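# Survey of secondary and tertiary structure
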Amino acid sequence: MKYFEFGQQNPELMVMLHGGGVLPVAREIAKLYHGVLVAYDAFNPDEPQTQFKSPMDEARRLGDYIVARNGGKIDILYGISYGCRVLKAGKTRVIT
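Notes on the structure in this doc start here. (Residues numbered from 1 in each chain as written. Predicted model: local features only at pLDDT ≥ 70, side-chain atom pairs only at ≥ 80, totals over all residues. Heavy atoms only, no water.)

### Concerning the packing of aromatic side chains
For the structure on display, the rule yields 1 aromatic pair. For the ring pair Tyr3 and Tyr65, a centre distance of 3.6 Å and an interplane angle of 10° mean the geometry is stacked. Of this pair, Tyr3 sits in strand β1 (residues 2–6) while Tyr65 sits in helix α2 (residues 55–70); the two residues are 62 residues apart in sequence, bridging distant segments of the chain. Exposure remark for Tyr65: the relative accessible area of 17% places this residue in the buried category. (Phe/Tyr/Trp six-rings, centres within 6.5 Å; stacked < 30°, edge-to-face > 60°. Helix = DSSP H or I, 4+ residues; strand = E, 2+ residues; numbered from the N terminus. Buried < 20%, exposed > 50% of the residue type's maximum accessible area, 1.4 Å probe, protein only.)

### Topic: the nonpolar core
In this structure, Val15, Leu17, Tyr40, Leu62 and Ile66 are the most contacted members of the largest nonpolar core, which totals 14 residues. For this core, the secondary-structure elements that each account for two or more residues are β2 (13–17), β3 (34–39), α2 and α3 (82–89). When neighbours within four sequence positions are excluded, Leu17 is seen to be in contact with Val38, Tyr40, Leu62, Leu77, Tyr78, Gly79, Ile80, Gly83, Val86 and Leu87. Of all hydrophobic cores here, the second largest spans 8 residues; its members include Val22, Ile29, Ala30 and Leu37. (Core = buried A, V, L, I, M, F, W, Y, C linked by side-chain atoms within 4.5 Å. Contact = heavy atoms within 4.5 Å.)

### So, α3
Of the positions making up α3, those classed as buried are Tyr82, Gly83, Val86 and Ala89. Within α3, the buried residues cover an arc of 125° as seen down the axis, which keeps them to one side. Elements that come into contact with the buried residues of α3 comprise β2, α2 and β4 (76–79). (Arc of directions from axis to C-beta.)

### As for the pattern of salt bridges
A pair can form between side chains of opposite charge whenever their charged atoms are brought close. A complete count under the given rule lists 8 salt bridges for this structure. One salt bridge connects Arg69 with Glu5, and the closest N-O pair in it is separated by 3.0 Å. Of the two residues, Arg69 is situated in helix α2 and Glu5 in strand β1; the sequence distance between them amounts to 64 residues. Given a relative accessible area of 55%, Arg69 falls into the exposed group. Take Glu5: its relative accessible area is 18%, and that puts it in the buried class. Its salt-bridge partner being Lys31, residue Glu28 comes within 3.1 Å of it at the nearest N-O pair. Classification of Lys31 by relative accessible area gives exposed; the value is 57%. Here the salt bridges do not stand alone but share partners, grouping Asp41, Asp57, Glu58, Arg60, Arg61 and Asp64 into one network. (Salt bridge = Lys/Arg side-chain N within 4 Å of Asp/Glu carboxyl O.)

Next comes the structure, spelled out in structure tokens:
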């Protein structure tokens, strides 16, 4: 799993769980938010050695990343397409 961060100078964090093709959108969002865009295991051509395990595993790892990097605080969590599966899988983990 790889994370791409944009707009780190902005105080509010928006995490984007996507299905693909959202890089131009992330750049626009970075004008207003600190955006984190996720590249899931086995879906990122820059990391061909990774293997996808499950949406729950991706959600757990994302949660760990947000806790470590931002104290667990997310202002906006956006899921579209495949990202909705990861979002739903992570619903049992509370991040405030």
